[in-house]
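# Inside the fold
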Amino acid sequence: MKLFTVGPVEMFDDQMNIGGQQVPYFRNDEFSKVVFDCKNNLKKLINAGEKDDVIFLTASGTAAMEATVINCFTPEDKVLIINGGTFGQRFVDICQIHRIPFVEIKLCENETLTQRHLDNIDKNGLTGLLVNIHETSTGQLYNIEMLSQYCDKNGLIFVVDAISSMFADSFDFSKYNVDAVIVSSQKALALAPGLAIVVVSQQMIEKRINVIDSHSMYLDFKEHLKNGLRGQTPFTPAVRLIYELQNRLQYLSSIGMEQQVKNTETIALDFRNKLTNIGLKYPCYPLSNAETVVLFPQLNADVVGNHLKDDYGYIINPNGGDKAKKMFRVAHIGNHTLEDNDLLIDAIKEIMNNK
Ligand SMILES: *Cc1c(COP(=O)(O)O)cnc(C)c1O
């Protein structure tokens, strides 16, 4: 079986080996050192500043999205949400539940986010912007430079959910003046699910986190930052995942962010090229390197997807609801090679020819 899904992704041997070992005790200096090592390598990889900090949550990515909203905003705020699909809608739902006022840019199917959308927004009272920089449900990668400039110009707090984009597309915490970036273990980090990470800026810590009452115990960033000073977390962390993370970040640091992004891009572009060669298409808005949305004009995406699973053991990411027949998604993150592209493309071709 091979996973071509966005998360969990096909994992590397190192992480699977760590997964098979005894989990060590963690309230000691040995474990604190591992946590510090993770923090330092992650901050360097994304170019975060010395005073910016890292929060580790034992939860899936959505908890980190919710935690960021409740620790960094209050009902006095008004945030702009880029809502281009399932994950944008999730920020909308979170703000609704926690009564954070918001406006949204709702994109239609196949619509590219542009400056015009931003210009049309009434900026009165806006204090923040929430975006899933790669909207994983559609594959669209938004222009982070454009969003960053908009935030700078209007004095907005810039929150980036980069859960499926981090380490697949280029990213720079300091250059883009990001105030919080959200990462999760089971996507491009290629670890098991269960660990979510938020990197927050010094300004976010001082002006927001330290003065806002999060009304949460488990997700209170103040406690996480305080314990983080000694390389610990307030509650039992996903200890094994932190060891998996340490190994992965050491590898990523050894090759560098740029090379990692280039490697993923090479696989993504090769796949899209081969897809075109067998007569299939993908959307024309800007795409993340993390995945390719494959369009099926004969509306048989679900049938092809099932054959891939049952006949070849290749698992792709199905789309739900009214998109189930139109498209499926193929991930390029995790343990993938150009040969995997050949295998998958050949299988798709074979299935289509046999129908
Ligand atoms: C996967 C993903 C999430 C988090 O989903 P969980 O199931 O909670 O881990 C959030 N945002 C984006 C953009 C994602 O791709």
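As a starting point, this report considers the structure included with it. Everything quoted here is computed from the prediction, not taken from an experiment. (Residues numbered from 1 in each chain as written. Predicted model: local features only at pLDDT ≥ 70, side-chain atom pairs only at ≥ 80, totals over all residues. Heavy atoms only, no water.)

## Let's talk about the sheet that holds strand β2 (residues 53-58)
Keep this limit in mind: At least two bridges found by DSSP between two strands is the condition for calling them paired. Counting from the N terminus, the helices are the DSSP runs of H or I reaching at least four residues and the strands are the DSSP runs of E reaching at least two. Angles run from 0 to 180 degrees between N-to-C directions of axes, and those axes are lines fitted to C-alpha atoms, restricted for helices to the stretch in contact.
Spatially, β2-β10-β9-β8-β5-β3-β4 is the arrangement adopted by the seven strands of the open sheet, whose pairing is mixed. Each edge of the open sheet is held by one strand with a lone partner, namely β2 and β4 (102-106). For this sheet, the mean angle separating the axes of adjacent strands, direction not counted, is 15°. In the sheet, β2 pairs with strand β10 (residues 195-200) via six bridges, with the strands oriented antiparallel. Residue pairing for β10: Asp53 is matched across the bridge by Val200.

## Considering the pairing of strand β13 (residues 327-331)
Where we set the bar: We call a residue buried when its accessible area falls under 20% of the maximum for its residue type, exposed when it is over 50%, and partly exposed in between, using a 1.4 Å probe and counting protein chains only.
Taking burial as the measure, the five residues of β13 include five buried ones, the bulk of the element. Alternating positions in β13 separate into two faces, Met327, Arg329 and Ala331 on one and Phe328 and Val330 on the other, with burial throughout. Pairing geometry for strand β11 (residues 291-295) and β13, over five bridges, is antiparallel. Among the inter-strand pairings, Leu295 is bridged to a residue of β13, identified as Met327.

## Observations regarding the sheet that holds β11
Filter applied, for reference: Contacts were defined at the residue level, with two residues in contact if any of their heavy atoms lie within 4.5 Å.
Here we have four strands laid out as an open sheet, ordered β1-β12-β13-β11, and mixed in their pairing. Because the sheet does not close on itself, it has two edges, and the strands there are β1 (2-4) and β11. Across the sheet, the mean angle from the axis of one strand to that of its neighbour is 35°, orientation sign disregarded. Along the sheet, helix α10 (residues 257-277) contacts β11 and β13; its crossing angle with β11, the most-contacted strand, is approximately 10°.

## A closer look at the packing of α10 against helix α12 (residues 338-353)
The axes of two packed helices give the description: the angle between them and the distance between them. Definition in use: Note that the term roughly parallel is reserved for angles under 35 degrees, roughly antiparallel for angles over 145, roughly perpendicular for angles of 65 to 115, and oblique for everything else. By definition, turning the near helix anticlockwise from the far helix through less than a right angle yields a left-handed crossing, and turning it clockwise yields a right-handed one. Three categories are distinguished: nonpolar for Ala, Val, Leu, Ile, Met, Phe, Trp, Tyr, Cys and Pro, charged for Asp, Glu, Lys and Arg, and polar for the others, with Gly belonging to the last.
Taken N-terminus to C-terminus, the directions of α10 and α12 make an angle of 25°; their axes are 9 Å apart at the nearest point. Viewed along their axes, α10 and α12 adopt a mutual orientation that is roughly parallel. The way α10 lies across α12 gives a crossing that is right-handed. For the pair formed by α10 and α12, the contact residues are Thr266, Ile267, Asp270, Phe271, Lys274 and Leu275 on the first element and Leu338, Asn341, Asp342, Leu344 and Ile345 on the second. Among the residues making up the contact of α10 with α12, the classes are represented as six nonpolar, two polar and three charged.

## Overview of the pattern of salt bridges
Heads up, the rule is: Salt bridges are counted wherever a side-chain nitrogen of Lys or Arg sits within 4 Å of a carboxyl oxygen of Asp or Glu.
Considering all chains together, one arrives at 11 salt bridges under this definition. Notably, a salt bridge pairs Asp77 with Arg208, separated by 2.7 Å at the nearest N-O pair. One end of the pair, Asp77, is in the loop between α3 (61-72) and β3 (79-83); the other, Arg208, is in helix α7 (residues 202-209), with 131 residues separating them in the sequence. For the pair Asp77 and Arg208, one class covers both residues: buried. For Asp302, the salt bridge goes to Lys325, with nearest N and O atoms at 3.1 Å. A residue pair is termed long-range when its members are at least 10 positions apart, and Asp302 in helix α11 (residues 301-312) and Lys325 in the loop between β12 (314-318) and β13 qualify at 23 residues. Accessibility expressed as a relative area gives 26% for Asp302, which makes it partly exposed. Accessibility expressed as a relative area gives 45% for Lys325, which makes it partly exposed.

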